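Given next are the chains, with one letter for each unit.
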Amino acid sequence: MALVGAVVALAGATVLPFVELRPNRLVPGAMHGFAAAGPWAFAVWALVAMGFTAAFLRGVKARLVAGSVSAIGIVAALSWALGSAADTLLAGQAPVSRVSMGAGVWVMLAGAAILGFAGQERTHRVLWRLVAAAVVLVALFGAFHLGGLERISLVREFEVRASSFWGLLGNHLALASAGVGLGVMFGVPLGLLATRNRRARGVVLGVTGVIQTVPSLALLGLLIVPLSALSQAVPALRAIGVHGIGAAPGLVALTLYALLPVVRNTYVGLSGVDPAAVDAGLGMGMSRGQLLMRVEFPLALPLIIEGVRTASVLLIGITTLTAFAGARNLGVLIIEGLGQFAPDLILLGALPTIMLAVAADSALSAVGRAVTPEGVRT
Amino acid sequence: MIRLEGVTRRYGEKTAVDELSFEVAEGEVCVLIGPSGCGKTTTLRMINRLIEPTGGRILIEGRDIMSLPVEELRRGLGYVIQSIGLFPHLTVAGNISVVPRLLGWDKARMAARADELLRLVGLPPEAYRDKYPRQLSGGEAQRVGVARALAADPPVLLMDEPFGAVDPLNRERLQTEFARIQRELRKTVIFVTHDIDEAIRLADKIAIMRDGKLQQFASPEELLNHPANKFVHDFVGADRALKRLVRVKVSDVMRSPATVFANAGEIGFREAAGRRRFTYVLEPDGRLLGWIDTHDLDQGLSAEEAITLVDAGEASVGPDTSLRDALSRMLGLGFRSIAVTDDGCRLIGEVTFSSVEAAMAEGDEHIAAPAEADAG
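Since the model is a prediction, treat every value here as computed from it, not as a measurement.

S.K.: An account of the nonpolar core is requested, with residue identities and associated values reported.
M.R.: Residues and elements named next belong to chain A. Ranked by internal contacts, the top residues of the largest apolar core, which has 48 residues, are F18, V19, F34, I74, L82, V99 and I152. No other element matches helix α3 (residues 60-90), which puts ten residues into this core. Both domains that furnish three or more residues to this core are identified here as domain 1 (2-159) and domain 2 (162-377). Those residues in contact with V99 that sit more than four places away from it in its chain are V19, E20, L21, A86, L89, L90, I152 and S153.

S.K.: Can you break down the interface of chain B and chain A residue by residue, with the values?
M.R.: Contacts between the two partners involve 23 residues from chain B, matched on the other side by 21 residues from chain A. For the pair chain B and chain A, the two sides together bury roughly 1900 Å², of which 63% comes from carbon and sulfur. Contact with chain A buries surface across chain B, with F87, H89 and L102 of chain B losing the most and accounting together for 29% of the total. At the surface where chain B touches chain A, the tally comes to one salt bridge.

S.K.: I'd love a proper account of the domain arrangement of chain A, names of residues and values included.
M.R.: Residue and element names in this part refer to chain A. Here the domain parsing of chain A yields domain 1 (2-159) and domain 2 (162-377). Taken over C-alpha atoms, the centre of domain 1 sits 34 Å from the centre of domain 2. Taken together, the 13 residues of domain 1 in the interface contact 14 residues of domain 2. Of the roughly 1100 Å² buried between domain 1 and domain 2 on both sides combined, carbon and sulfur atoms contribute 62%. The partner of R22 in a salt bridge is D344, with the nearest N and O atoms 3.0 Å apart. On the surface where domain 1 and domain 2 come into contact, there are six residue pairs in polar contact (both at pLDDT 80 or more). Counting residues per element, the ones that place at least two in the side of domain 1 that touches domain 2 are β3 (98-101) and α6 (153-196). It is α6 that provides the largest number of residues to the side of domain 1 that touches domain 2, a total of five residues. Among the residues forming the side of domain 1 that touches domain 2, the class breakdown is five nonpolar, three polar and five charged.

S.K.: Talk me through the packing of α6 of chain A against helix α10 (residues 247-271) of chain A; I want residue IDs and the actual numbers.
M.R.: Residues and elements named next belong to chain A. In contact at an axis separation of 6 Å, α6 and α10 are set at 40° when each is read in the N-to-C sense. By the angle between their directions, the pair α6 and α10 is classed as oblique. Remark: the crossing between α6 and α10 carries right-handed chirality.

Reading guide: rules and limits
Residues numbered from 1 in each chain as written. Chains lettered and ligands numbered in written order. Predicted model: local features only at pLDDT ≥ 70, side-chain atom pairs only at ≥ 80, totals over all residues. Heavy atoms only, no water. Core = buried A, V, L, I, M, F, W, Y, C linked by side-chain atoms within 4.5 Å. Buried < 20%, exposed > 50% of the residue type's maximum accessible area, 1.4 Å probe, protein only. Helix = DSSP H or I, 4+ residues; strand = E, 2+ residues; numbered from the N terminus. Domains from an automatic or database assignment. Contact = heavy atoms within 4.5 Å. Buried area = accessible area lost by both parts, 1.4 Å probe. Salt bridge = Lys/Arg side-chain N within 4 Å of Asp/Glu carboxyl O. Polar contact = N/O pair within 3.5 Å; in protein donor to acceptor, adjacent residues only side chain to side chain. Nonpolar A, V, L, I, M, F, W, Y, C, P; charged D, E, K, R; others polar. Axes fitted to C-alpha atoms, helices over the stretch in contact; angles between N-to-C directions. Parallel < 35°, antiparallel > 145°, perpendicular 65-115°, else oblique. Left-handed = near helix turned anticlockwise from the far one by under 90°.

Structure representation (structure tokens):
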């Protein structure tokens, strides 16, 4: 796998365009190769070479370390290379000129990701990941303030929107979390119901499954009409912010999407408990409630958390779509970017969304491992 | 102690248990046996109300079990099942402490009780208390299952084919240990099995069932000597005489053999042997060293050369061994007698073919042709 990563990174660092110099933020401009990065190009090439070496090292650990160092190094050096290229290319250009990231940047990042994750399936060292994240953040921070990264078009888009960006990010996180929270609130009891009652099982699993197949935009559109009717009919709901457009239809849709992973994993987790353990528990004089709290839930919890993780990643993505129904979150930036044909504005909405999803994924994986009882760890 | 009065369980048209009545006295082991589907497990599960009877009543110490809250009833009835059902997320000690925790014991008492029970079932507490179920072998897991059922010292144990899933060698060991523990604790035990040998070995009373109906309720000896009908006769099998030997312990029929100390010399050996050919040779502390064959002495071997050394573990049996096991050991070794030794390998007696024959013959006259008609 390390070899694949190194080859991908090499392709990004040689044949593909690195940056695009444009007269202003909307019109296309001229592509520039990796040479525009100047001396930083050599640093990246050296790190790609290290990635190649990693593929041929003998020891598993040596391979892992070399691959990871190469991956983190490429990401860190790239931020400086970008800054350097922006500095060089923008020298003497009009102030409205922009330098945008080209395909080469994304391909190199993809190569670095493959290099970094190759072999990681064997180690879940949280410390190692934190160190990697810290190195990349320090490099980004440095490149931003000292290396010219702030002149990249993406950063310029951010600067224009700095006043609203953090609010949108906060809203995004709040809406997605509320969806997951409500999904758990309804999903876990529904999953439990599905294990206890055979007729309920068909209905619950069937309906949540069907909801999942409804396209997100269609679901949002469908919710607008009944929610505005409801808001008209019940002033109390209107007072707490329920309208046909805005966050309300978004939250309802997100909750519905969160249901399937949570319900299904709760059901699978609970029904996976050894029937002999249930028989023994009841036979020894546990009440159904005691059995549930002391035996069934502890054993099913890792799977339930796994469902919450799936739901979280799914919802952080879908939340961008709720902007179409009037919710204010990172999706707003994407929609505006689409409307203006401004690719870097789209990125300003998309990149933080991806990062939120990755962060939620790792955090909930860690929670899942932490709640796995020692006796059933593999 | 436990009394079933006309207990019936119907599932729609089908009657799983039909008008079952019997009584088990305190401290007795009652084995429920029969072919699969005969209702034995249903009967057991009605006693702790995992299945509710559709008719009749069950009394424990004179009280109708329906008059107690169901959890309270079950906490007084230890429950062991074939698939064990240990909780995988709890340690061995945690599993044993399930019922004590429900009863609100304090931590120190639960820990002490878990250790005590582990010792009782033959698992050193230091090595086992912190293990998880997945780290146990089948036999060890079932020992923990028994310990868990005994945790709150319930007067009654319900055991549903407890040793059915372990290999034959371990099953025999578990049976022996169960018999030892039962001698110590004198619980009232209802024990379901389909293995007639296990039933004969462990039971004080056997309830043999077929199609939900009781065929015979009797002691193992009674069942072997006077099968009530053809079904029981066939179920017990043609080797009733051999089975009877399961109920006889070596210590019941052993006699004291001729012995001599190893340092006695040829004269001493011949004197001790008298008219017999073989004499057991002992160490000064009474441990079994081997035996001496006077024919070897006659052939001119020296006293030392004539001693056949034996491994006491191989060529002897304990006093609690069943006569059938002793017989099978004799046949395996090709001997007509076998030494009986105690835990310290000291010789305490011997069992011979003729004593086995005598035990087999006992009751033979009772095995007349049973009634051809089925009871029903």
